[in-house]
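These are the residues of each chain, in order.
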Amino acid sequence: MGRVLGVDACKKGWIGITDDLRAYFGATIDALVSAAERDSGLAVVAIDIPIGLSSSGPRPADLLVRGLVGRRASSVFGTPVRQALETDDYREACAASIRITGKSISRQAFALRERILDVDGWARRTDRPVIEVHPELCFATMAGSPLPHPKSTWAGIEHRRQLLRDVGVIVPSDLGYVGSVAAVDDVLDAAAASWTAARFAAGRAVSYPARDASVSEDQAAIWA
């Protein structure tokens, strides 16, 4: 089995953590994966971003995972429909969403538009397995139950670090450039994504809803 890469967004782009605990940065998802592959090939890439956009309504994966992470449900936002993301005007995006789903979209969700479209285009071009993850689901899977504290708190950070240590993911204190551009929660989320990527490569990951790996919009799934 080749290396795997867990990916999370940061303010300046994307960061990735591999299962051999190397850290990478890229301004785009393609640049990030290319940087990681210069060291060695990748068997799986797991990304904390919606992969597989609906054109007709809410994604079942989002609704299902929101129910699995307990009080962290607010961290699982509803992915806007494709038509809303393909306009760069927020009011037009809201209008498209209302027309198709009957509901508007939040500015927070719309703010992720460029990230979502970056991955959407790249995932359709790449020939390697790419899966969607949500770190709160990854951590809940490690813990066996939803986490009690937000990742923005000291208790939340320390709990997540301990969960990673318990599954053998001990993130180095020196991450080079990545350590200077990524927030603490970005790094821990990428490490959690890497853990799920390794589980996927070994055939142990679980998809919500249950399905085989794909990026097609009618079968979007979140893995843990």
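Residues numbered from 1 in each chain as written. Predicted model: local features only at pLDDT ≥ 70, side-chain atom pairs only at ≥ 80, totals over all residues. Heavy atoms only, no water.

**What to know about the pattern of salt bridges**
Taken as a whole and judged by the stated rule, the model has 13 salt bridges. Here Glu 86 ties to Arg 82 by a salt bridge, and the two come within 3.7 Å at their closest N and O atoms. With a relative accessible area of 51%, Glu 86 lands in the exposed category. Among the charged side chains, a salt-bridge network with shared partners connects Arg 3, Asp 20, Arg 22 and Asp 39. (Salt bridge = Lys/Arg side-chain N within 4 Å of Asp/Glu carboxyl O. Buried < 20%, exposed > 50% of the residue type's maximum accessible area, 1.4 Å probe, protein only.)

**Some remarks on the packing of helix α1 (residues 29-37) against helix α6 (residues 113-125)**
Remark: α1 packs on α6, axes separated minimally by 9 Å, with the N-to-C direction vectors making an angle of 55 degrees. Viewed along their axes, α1 and α6 adopt a mutual orientation that is oblique. Of the residues in α6, those in contact with Ile 29, Asp 30 and Val 33 of α1 are Asp 118, Val 119 and Trp 122. In terms of residue class, the contact of α1 with α6 is built from 4 nonpolar, no polar and 2 charged. (Axes fitted to C-alpha atoms, helices over the stretch in contact; angles between N-to-C directions. Helix = DSSP H or I, 4+ residues; strand = E, 2+ residues; numbered from the N terminus. Parallel < 35°, antiparallel > 145°, perpendicular 65-115°, else oblique. Contact = heavy atoms within 4.5 Å. Nonpolar A, V, L, I, M, F, W, Y, C, P; charged D, E, K, R; others polar.)

**Quick look at the sheet that holds strand β5 (residues 130-133)**
The strand order β3-β2-β1-β4-β5-β7-β6 describes an open sheet built from 7 strands, whose pairing is mixed. Looking along the sheet, the strands with just one partner apiece sit at the ends: β3 (23-26) and β6 (207-208). Taken together, the 3 bridges between strand β4 (residues 42-47) and β5 define a ladder with parallel strand orientation. Bridged to Ala 46 within β5 is Ile 131. Each of β1 (3-10), β2 (13-18), β4 and β5 is contacted by α6, which is oriented at about 55 degrees to β2, the strand it contacts most. (Pairing = 2+ DSSP bridges.)

**Focus: α1**
Within the span of α1, buried status applies to Ile 29, Leu 32, Val 33, Ala 35 and Ala 36. Seen end-on, α1 carries its buried residues on one side only, within an arc spanning 155 degrees. Where α1 is buried, its residues contact β1, β2, β3, β4 and α6. (Arc of directions from axis to C-beta.)

**Here we look at the pairing of β1**
Counting buried residues in β1 gives 7 out of 8 residues, a clear majority hidden from the surface. The pairing of β1 with β4 spans 5 bridges and is classified as parallel. Residue pairing in the sheet places Val 7 in a bridge with Ile 47 of β4. Where β1 and β2 come together, 6 bridges link them in antiparallel fashion. Each residue of the ladder has a partner; that of Ala 9, found in β2, is Trp 14. Hairpin connection, β1 to β2: the antiparallel pair is bridged by 2 residues.

**Topic: the packing of helix α8 (residues 154-166) against helix α10 (residues 184-201)**
Between α8 and α10, whose axes approach to 11 Å, the crossing angle comes to 30 degrees. The angle between α8 and α10 falls in the class roughly parallel. Where α8 crosses over α10, the two elements pack in a sense that is left-handed. Residues Ile 157, Arg 160, Arg 161 and Leu 164 of α8 touch α10, and the partners they reach there are Val 184, Asp 185, Leu 188, Ala 191 and Ala 192. (Left-handed = near helix turned anticlockwise from the far one by under 90°.)

**Some points on the pairing of β2**
Here β2 lies mainly inside the structure; 6 of its 6 residues are buried. Taken together, the 4 bridges between β2 and β3 define a ladder with antiparallel strand orientation. Along β3, the bridge assignment pairs Trp 14 with Gly 26. The hairpin formed by β2 and β3 contains 4 residues between the paired strands, and Leu 21 there has a positive phi angle of roughly 65 degrees.

**Focus on the confidence of the model for the protein chain**
For the protein chain, the average pLDDT comes to 94, and 96% of its residues sit at 70 or higher. Segment residues 213-218: pLDDT under 50, and 12 contacts once partners within four positions in sequence are set aside and those in other chains are kept. (pLDDT = per-residue confidence, 0-100.)

**Describing unusual backbone geometry**
A cis amide bond links Tyr 208 to the next residue, Pro 209, at an omega of -5 degrees. Considering the arrangement of structural elements, one finds Pro 209 in the loop between β6 and β7 (222-223). Phi angles above zero are rare outside glycine, and Leu 21 is one such case at about 65 degrees. By the element assignment, Leu 21 lies in the loop between β2 and β3. Of the residues examined, Leu 21 reaches a relative accessible area of 25% and is grouped as partly exposed.

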